[in-house]
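Remarks on the overall topology
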Amino acid sequence: MVLSYTMPAFVIERDLSRCISCQVCVRQCANDVHVYDIEDDCVHSQDAQCVGCHRCVTLCPTHALSVQRNPLAFRAHANWSDQALRNIYRQAESGGMLLTGMGCDQPYRIYWDHMLLNASQVTNPSIDPMREPMELTTYLGAKPERVAFSDGRVETEVAPQLRLDVPIMFSAMSYGSISFNACESLARASREAGTFYNTGEGGLHPALYQYGANTIAQVASGRFGVHLEYLNAVAALEIKIGQGAKPGIGGHLPGEKVTPDISATRMIPVGTDALSPAPHHDIYSIEDLRQLIYALKEATGYAKPVSVKVAAVHNIAPIASGIVRAGADIVAIDGLRGGTGAAPTQVRNNVGIPIELALAAVDQRLRDEGIRHRASLVVAGSIRSSADVIKAIALGADAVYVATSALVAMGCHLCQNCYTGKCNWGIATQDPYLTKRLNSDLGAQRLTNLLRAWSLEIKEMMGGMGLNAIESLRGHRDHLRGVGLNQVELDTLGIRAAGQ
Amino acid sequence: MVDLRWLTSLDLVRSESSEEEIEVDARRLPYRTLNERLAELVRQGASRLRVLAVSGQRYLGTNLMAPVRVAIDGVPGNDLGAFMDGPQIEVMGDAQDGCGNTMNSGLIAVHGSVGDIAGHSMRGGTILVRDNAGYRVGIHMKEYGERCPAIVIGGTAQHFLGEYMAGGVILVLGRSLETGDIHPSRYIGTGMHGGVIYLRGKFDERFLGKEVGVAPLDDDDWATVRQYVFAYARYFDEDPEPLLRGSYAKLYPRTRRPYGRLYAY
């Protein structure tokens, strides 16, 4: 074996006074970190294979294990970080592109954390959500120019809408990138909470058709599993142009992950690479995008909203304007910190812009052009809490998409190794030994709990602002103030500095 | 008379149905209205339709979802038969871009030429083109289980024929080639990782994608080629025998895992 210059990223410490050699850690680790030595009746650990997912630590019945970052891993300094050195060693050994999972982990400014919300004091009294009704219901879809009445009835034909009981949806994660149980958990939780989950581009498993009324089906460049039955089984369709974690590039599901079940869902042979080319071959312009939007509308009898999902990039405002003019009912924008099951590390960490700035720019542009009502705006790219949700809505979003938060709710510990298919938490894997660790009843319950908890917090904060309907908060940037931001950032966000 | 033994797929048999053909005049109808009208007729039980004076209306056949036969007089617009599942469409003229886009099953026979990306991502059904085809024909075609899509082009295709091809069959008969001409398409099969392309007539190996291998046809290949040549001949009233003569080559993907060694793990 060739000497590897990389050193373990983590150090595993086993308290031998607590370890009872029960081998739970051995069985739980798909990376084969823990090995039972039958002669000495003890368990050894190989730090180098550890990804820091804490599965063993969590499940150890005697709390004998701890996993720490390796403190003296490299002779790193401010310029050459630990990670930069590790990356070069790995590339010098393999000659390949670096892959990673989850969203950008670099210390770019997180604008949510530099915006603060308002509350009522003395004038405009706050509302107690425990005593008074608070409206979180949100409708996504094109709104009419004006509403005409005749004999007290609405005459205007309203475009199809999605009704959300909470302004939070689960964003696209394909069956393939995550396990069936994870997909089912998302589907059930969506039904339970009155919201929607998104199939991603991997098609729809037959067992999940029953959740169609709470499903958004994606149509991506690979067109995997896209057929009329699929398009008509769901509540809305989404054309995936881009993803925040990897704007501008395609992807592929490696053949070894195309199991018989995934093959049936994606409608490709078992074991073949599923390539998603970077562009759609039928979209080279806004006019072409319009053509696909209307192809989907024709295929589904104009009964469902069509969303177009793009990554937040430099000229996102005119791009979004074009998408609205192309006839999209919903524009979904995924920011720099948006997650992924697999993306080249350098792309994930260096391409795109933060969602907060993109959202503010797009909302303003659509308002300036007088077309904001023609499409709803859904944002994604690291919504980590109810506060992020409420700030996004105050900046101009109609609703948000969450994925990483949902995965964390189901047990994800953010080890960023999704692409290996060895997820010890049973989420980003297709290995039946691992997938059974996530029970979809429990997964759905945890997700439903998360949405309930966030809804309560949103209502509490809205009440504090003296608002009783989420509609009243939408695009109401006066409820936000910036801290620690320069004037250009404040202007882009369209907010004033705290104290002003 | 065509030898029906080779027409193994029902789609390829042009049925001489005695049922009444219902005519629909497409003049001045927007595509949405026209398509709704056709879908309504199919819901009412129509099995043969003839659409007259078609002039650029898009998405014809997309919403029909039944094995209905549709004859189109005129020039249909883009995305003819997009997502199509079941219908047999015969175009009495040329078709434009995106013909058979993401098609699932059925047949499109074009008595003329087609534009770009015909058969994009199709996973089932057949497209027969009497004359020539534009750029990127059969791009990302795929096959699955019983479904094996096919595109037959009587003349030639433009560049990037069979790009990203993941499954199915493309047969280019090269009828429009003069003696000594080579196929005009460049970058044939770029990114190909499945399926097969049969070229009749001369081509230059320099114009093939680097993922593409060349081989002579074996017995199974000939059976496939015969099946589609007979279907072509039947639809366009040609004699199949001369089309089976000439030099045929099989283009195949050298690997099904073209992206195997890209990553550092």
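What counts, and where the lines are drawn
- Residues numbered from 1 in each chain as written.
- Chains lettered and ligands numbered in written order.
- Predicted model: local features only at pLDDT ≥ 70, side-chain atom pairs only at ≥ 80, totals over all residues.
- Heavy atoms only, no water.
- pLDDT = per-residue confidence, 0-100.
- Contact = heavy atoms within 4.5 Å.
- Domains from an automatic or database assignment.
- Buried area = accessible area lost by both parts, 1.4 Å probe.
- Salt bridge = Lys/Arg side-chain N within 4 Å of Asp/Glu carboxyl O.
- Polar contact = N/O pair within 3.5 Å; in protein donor to acceptor, adjacent residues only side chain to side chain.
- Helix = DSSP H or I, 4+ residues; strand = E, 2+ residues; numbered from the N terminus.
- Phe/Tyr/Trp six-rings, centres within 6.5 Å; stacked < 30°, edge-to-face > 60°.
- Pairing = 2+ DSSP bridges.
- Axes fitted to C-alpha atoms, helices over the stretch in contact; angles between N-to-C directions.

**Quick notes on the confidence of the model for chain B**
When pLDDT drops low, the exact placement of atoms in the prediction is not to be read closely. Per-residue confidence for chain B averages 92 on the pLDDT scale, and 92% of its residues sit at or above 70. Throughout residues 1-8 of chain B the model reports pLDDT below 50, and contacts reaching past four residues in sequence, or to other chains, amount to 17 contacts.

**Focus on the domain arrangement of chain A**
Residues and elements named next belong to chain A. What the domain assignment reports for chain A is domain 1 (10-96) and domain 2 (138-497). Between domain 1 and domain 2, the C-alpha centre-to-centre distance is 35 Å. Surface buried jointly by domain 1 and domain 2 totals about 1,100 Å² across both partners, of which 48% is contributed by carbon and sulfur atoms. Among the residues domain 1 hides against domain 2, the three largest losses belong to Ala30, Cys53 and Arg55. Together they make up 46% of the total. At the boundary of domain 1 and domain 2, one finds 0 salt bridges. Counting the contacts that link domain 1 with domain 2 gives 6 residue pairs in polar contact (both at pLDDT 80 or more). Breaking the side of domain 1 that touches domain 2 down by element, the ones donating at least two residues are helix 1 (24-28), helix 2 (55-59) and helix 3 (82-94).

**Here we look at the packing of aromatic side chains**
The tally for this structure, following the rule as stated, stands at 8 aromatic pairs over all chains. Put simply, the rings of A:Tyr5, A:Phe74 and A:Tyr89 touch in pairs and so form one group of aromatic residues.

**What to know about the pattern of salt bridges**
One pass over the full model with this rule turns up 35 salt bridges over all chains. With its nearest N and O atoms 3.4 Å apart, the salt bridge here joins B:Glu36 to B:Arg32. Of this pair, B:Glu36 and B:Arg32 are both found in helix 1 (residues 31-43), 4 residues apart, which corresponds to roughly one turn of the helix. Each of A:Asp363, A:Arg367, A:Arg372, A:Asp398, A:Glu471, A:Arg474 and A:Arg477 takes part in salt bridges that share partners, so that together they form one network.

**Considerations on the sheet that holds strand 23 (residues 496-497) of chain A**
Backbone-to-backbone hydrogen bonds pair the strands of a sheet. The strands run either parallel or antiparallel. All names here are of chain A. Read from one edge of the open sheet, 3 strands run 6-22-23, paired in mixed fashion. Taken across any chain shown, the strands that pair with only one partner, and hence form the sheet edges, are strand 6 (115-117) and strand 23. Both strand 6 and strand 22 (residues 480-482) contribute to a ladder of 3 bridges, which runs antiparallel. The partner of Leu117 across the bridge, within strand 22, is Leu480.

**Quick notes on the sheet that holds strand 7 (residues 150-153) of chain B**
Residue and element names in this part refer to chain B. In spatial order, the strands read 1-2-3-4-5-6-7-8-9-11-10; together these 11 strands make up an open sheet with mixed pairing. Looking at which strands have only one partner, the edges of the open sheet turn out to be strand 1 (22-25) and strand 10 (212-215). Each strand axis lies, on average, 15° off the axis of its neighbour in the sheet, ignoring direction. In terms of strand pairing, strand 9 (residues 194-200) meets strand 11 (residues 248-253) through 4 bridges, oriented antiparallel.

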